Amino acid sequence: MPLVTSKEMLLKAQAGGYAVGAFNVENMEMAQAVLAAAQRMGAPVMVQTTTGTLKYAPPGLYAAMVGALAGQAALPVAMHLDHGSSLELAQRCLDAGYTSLMIDGSLLAFDANVALTRQAVTLARAVPVEGELGTLGGKEDALEGSTLYTQAAEAEAFVRLTGVSSLAVSIGSAHGLYKGEPRIDLDRLEEIRGRVSVPLVLHGGTGIPEETIKACIARGISKINFATDLRIAFTGAVKAAMRDKPDAFDPKAYLSAGRAAVEARVCQLIALCGCEGKA
Ligand SMILES: [Zn+2]
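Residues numbered from 1 in each chain as written. Predicted model: local features only at pLDDT ≥ 70, side-chain atom pairs only at ≥ 80, totals over all residues.

### Re the overall build of the chain
Move 1: Broken down by element type, the chain carries eleven helices and eleven strands.
Move 2: A compact globule built from 279 residues would reach a C-alpha radius of gyration of about 19 Å, and the chain, at 18 Å, matches this within 12%.
Move 3: Dimensions of the chain along its principal axes, counting C-alpha atoms only, are 60 × 40 × 35 Å.
Move 4: Of all intrachain contacts in the chain linking residues separated by at least 6 positions in sequence, the fraction that spans at least 24 positions is 70%. (Helix = DSSP H or I, 4+ residues; strand = E, 2+ residues; numbered from the N terminus. Rg over C-alpha atoms; globule rule 2.2 N^0.38 Å. Contact = placed C-beta atoms within 7 Å.)

### A few points about the sheet that holds strand E2 (residues 45-50)
Move 1: Spatial strand order, E1-E2-E3-E4-E5-E8-E10-E11: eight strands in a closed barrel with parallel pairing. Strand-to-strand twist of the sheet, defined as the mean angle between neighbouring strand axes without regard to direction, takes the value 25°.
Move 2: Bridging between strand E1 (residues 20-24) and E2 involves three bridges; their strand directions are parallel. Bridge pairing in E2 links Asn24 to Gln48.
Move 3: Relative to strand E3 (residues 77-84), helix H4 (residues 59-71) is tilted by about 155°, and along the sheet it contacts E2 and E3.
Move 4: Contacting strand E4 (100-103) and strand E5 (129-133), helix H6 (residues 110-124) crosses the sheet at an angle of about 175° to E5. (Pairing = 2+ DSSP bridges. Axes fitted to C-alpha atoms, helices over the stretch in contact; angles between N-to-C directions.)

### Remarks on H4
Move 1: Helix length check: H4 (13 residues) gives 18 Å between terminal C-alpha atoms against 18 Å at 1.5 Å per residue, within 8%.
Move 2: Those residues of H4 not exposed but buried are Pro59, Tyr62, Ala63, Val66, Leu69 and Ala70. Down the axis, H4 shows its buried residues gathered within 135° of arc, on one side only. Opposite the packed face of H4, turned more than 90 degrees from it, sit the exposed residues Ala68 and Gly71.
Move 3: Summarising the contacts, the buried residues of H4 are in contact with helix H2 (28-41), E2, helix H3 (53-56), E3 and helix H5 (87-96). (Expected span 1.5 Å × (residues − 1). Buried ≥ 20, exposed ≤ 12 C-beta atoms within 10 Å, placed from the backbone. Arc of directions from axis to C-beta.)

### Some details on the nonpolar core
Move 1: Core analysis: the largest hydrophobic core is formed by 83 residues, its most contacted members being Val20, Val34, Val45, Val47, Leu101 and Leu167.
Move 2: Setting aside chain neighbours within four positions, we find Val20 in contact with Met9, Leu10, Ala13, Pro44, Val45, Met46, Ser222, Lys223, Cys273 and Cys275. (Core = buried A, V, L, I, M, F, W, Y, C linked by C-beta atoms within 7 Å.)

### Focus: the packing of H5 against H6
Move 1: Put simply, H5 and H6 touch, their axes get as near as 10 Å, and they point 20° apart. Compared by their axis directions, H5 and H6 come out roughly parallel. Between H5 and H6 lies a crossing of right-handed hand. Taken together, the residues of H6 that come into contact with H5 (itself represented by Leu87, Ala90, Gln91 and Leu94) are Gln119, Ala120, Leu123 and Ala124.
Move 2: When the residues that make up the contact of H5 with H6 are grouped by side-chain class, the tally is six nonpolar, two polar and no charged. (Parallel < 35°, antiparallel > 145°, perpendicular 65-115°, else oblique. Left-handed = near helix turned anticlockwise from the far one by under 90°. Nonpolar A, V, L, I, M, F, W, Y, C, P; charged D, E, K, R; others polar.)

### Focus: the environment of Phe158
Move 1: Mapping Phe158 onto the fold places it in helix H7 (residues 152-162).
Move 2: A tally of 24 C-beta atoms within 10 Å means that Phe158 is categorised as buried.
Move 3: Residues Phe158 and Thr135, 23 residues apart in the sequence, show an inter-C-alpha distance of 14 Å.
Move 4: Contact partners of Phe158, with chain neighbours within four places excluded, come to Val114, Gly131 and Leu133.

### Some points on the pairing of E2
Move 1: Of all six residues making up E2, six are buried, and the element is well covered by its neighbours.
Move 2: Judged by which residues are buried, E2 turns out to be covered on both faces: Val45, Val47 and Thr49 on one side and Met46, Gln48 and Thr50 on the other are all buried.
Move 3: Taking the sense of rotation as the criterion, the β-α-β connection linking E1, H2 and E2 turns out right-handed.
Move 4: As judged from the six bridges shared by E2 and E3, these two strands associate in the parallel manner. The residue of E3 that forms the bridge with Val47 is Met79. (Right-handed = clockwise from strand over helix to strand, strands pointing away.)

That's the geometry; what it means functionally is another story.
The following block contains the structure:
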């Protein structure tokens, strides 16, 4: 079916007490793998690209590729801009056919973040917008920072003032790989959930223990982002394939190994999110 927005699938997840997996892709093989996994699991899915990925290849290319794959599947698939850095990029993604946007003003002061996010909501019209309040530790594209936890009262005001459809919160997760065990503040999450009506998003899903992921979902997380996890699966399998057959020169030979590894990993993550069979 054609690409759908992320609005309904996230509201259904919120009502159903599970999370939608949102998977970052860099190339055709990863997009094929995510769609194949979602189809195997009968799950709604969000495919997303960061600002950095959209410097590697333009939004039109990803939207066309994922749109074509979604067209062959009987699943709700949303194409999402992850960590949108500017209104200009948000507009380019809308023009290319993206059906979901994130605008990331989390490094700005509260008022400036509200102003930017509100502008994105106006620009996007019917396309849902994810905002972010608080900052995650770790690395996302070129941004690197320390954790600044989301405050529940601020989150409530932020959602009211901006009109966002979903909100990414900072509760102790980080982008990239964790040094040691992440400390996720579940009490804070519960407090935010009590004051905010829209679906909540957890970034930095890679490396959080499975029990903690499940606890986050039980306390109201409706979307979980996985990026590093898929990069590791893809690259690990490609390296292994090249080691096994150092004389191979056809890209299909080693890229298909990466694709299969990502598909297997996404199936596991969909099961972890509890969205198997929810398409
Ligand atoms: Zn993120």
